Amino acid sequence: GGSSANFAHNQARLGVDKKMPLNLNNKQVQELATSYACMVLADCEAKVNDENINKLLGAAGVKVEPFYPKLFSQLLAGKDLVEMFAKAGGSGGGAGGAAAGEGGEGEEKKEEKKEEEDKTTTHVWSYLVW
């Protein structure tokens, strides 16, 4: 459950206390813990699934509502978190102009689709981190 004892316990485990004074509510602390678990699993090249997320959170002594690991694992299914990290480094300037001659329009459409995918990836990642 979401008892205040679990909340204080989770905050202490994540360093959210006097050392790092963040004003996070219980849901935010649980989301943060689950996000960290996903990042650790991806960094260790382990499968990011609800079972592994639960194992890692359990080993860290962090308690979250049961739906968080399942939600995050479903959200990240088939995604490469390491690649998402690399792409989330910020957006550069505008894209260059289309290539001159034949095929320029096709290249432009491909680039637009790629930019749209990058925005989606960044949005998903922003949600996970915050």
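Residues numbered from 1 in each chain as written. Predicted model: local features only at pLDDT ≥ 70, side-chain atom pairs only at ≥ 80, totals over all residues. Heavy atoms only, no water.

Further remarks concern the confidence of the model for the protein chain. Residues with a pLDDT of 70 or more make up 52% of the protein chain, whose mean pLDDT is 73. Within the protein chain, helix H6 (residues 104-129) has the poorest average pLDDT of any element, 54, and helix H4 (residues 67-75) the best, 95. Counted against residues more than four places away or in other chains, residues 97-101, with its pLDDT under 50, gives three contacts. (pLDDT = per-residue confidence, 0-100. Helix = DSSP H or I, 4+ residues; strand = E, 2+ residues; numbered from the N terminus. Contact = heavy atoms within 4.5 Å.)

So, about the packing of helix H2 (residues 26-43) against H4. For the pair H2 and H4, the least separation of the axes is 10 Å and the interaxial angle reads 50 degrees. By the angle between their axes, H2 is oblique relative to H4. As for the relative orientation of H2 and H4, their crossing is right-handed in sense. Packed against H2, whose contacting residues are Lys27, Gln30, Glu31, Thr34, Ser35 and Cys38, the element H4 presents Tyr68, Pro69 and Phe72 at the interface. Partitioning the contact of H2 with H4 into residue classes produces four nonpolar, three polar and two charged. (Axes fitted to C-alpha atoms, helices over the stretch in contact; angles between N-to-C directions. Parallel < 35°, antiparallel > 145°, perpendicular 65-115°, else oblique. Left-handed = near helix turned anticlockwise from the far one by under 90°. Nonpolar A, V, L, I, M, F, W, Y, C, P; charged D, E, K, R; others polar.)

Attention now goes to the packing of helix H3 (residues 50-60) against H4. For the pair H3 and H4, interaxial distance at closest approach is 8 Å and the crossing angle is 135 degrees. Between H3 and H4, the angle is such that the two are oblique. Once H3 is placed against H4, the crossing between them reads as right-handed. Side by side, H3 and H4 meet where Asp50, Ile53, Asn54 and Leu57 of the first sit next to Pro69, Lys70, Phe72 and Ser73 of the second. Class assignment for the residues of the contact of H3 with H4 results in four nonpolar, two polar and two charged.

Mapped onto the elements, Asn52 comes out in helix H3. Of the residues examined, Asn52 reaches a relative accessible area of 18% and is grouped as buried. (Buried < 20%, exposed > 50% of the residue type's maximum accessible area, 1.4 Å probe, protein only.)

Along the chain, Asn49 falls in the loop between H2 and H3. On the basis of relative accessibility, which here comes to 19%, the residue Asn49 falls in the buried class. Separated by 2.7 Å, the side chain of Asn49 and the backbone nitrogen of Asn52 make a polar contact. (Polar contact = N/O pair within 3.5 Å; in protein donor to acceptor, adjacent residues only side chain to side chain.)

Our focus in this paragraph is the nonpolar core. Generally speaking, soluble globular proteins have nonpolar side chains that are buried together. Among the nonpolar cores identified, the biggest contains 15 residues, and Cys38, Val48, Ile53, Leu57, Val64, Leu76 and Leu81 are the most heavily contacted of them. Secondary structure elements with two or more residues in this core: H2, H3, H4 and helix H5 (81-87). For this core, the element with the highest residue contribution is H2, accounting for five residues. (Core = buried A, V, L, I, M, F, W, Y, C linked by side-chain atoms within 4.5 Å.)

Let us now look at the packing of aromatic side chains. Each aromatic ring pair is characterised by the separation of its centres together with the angle its planes make. This structure, assessed with the given rule, holds two aromatic pairs. Arranged with centres 6.5 Å apart and planes meeting at 50 degrees, the rings of Tyr68 and Phe72 form a pair that is tilted. Of this pair, Tyr68 and Phe72 both sit in helix H4, separated by four residues, roughly a single helical turn. Judged by its relative accessible area of 2%, Phe72 falls in the buried class. Through successive ring pairs, a cluster of aromatic residues spans Phe67, Tyr68 and Phe72. (Phe/Tyr/Trp six-rings, centres within 6.5 Å; stacked < 30°, edge-to-face > 60°.)

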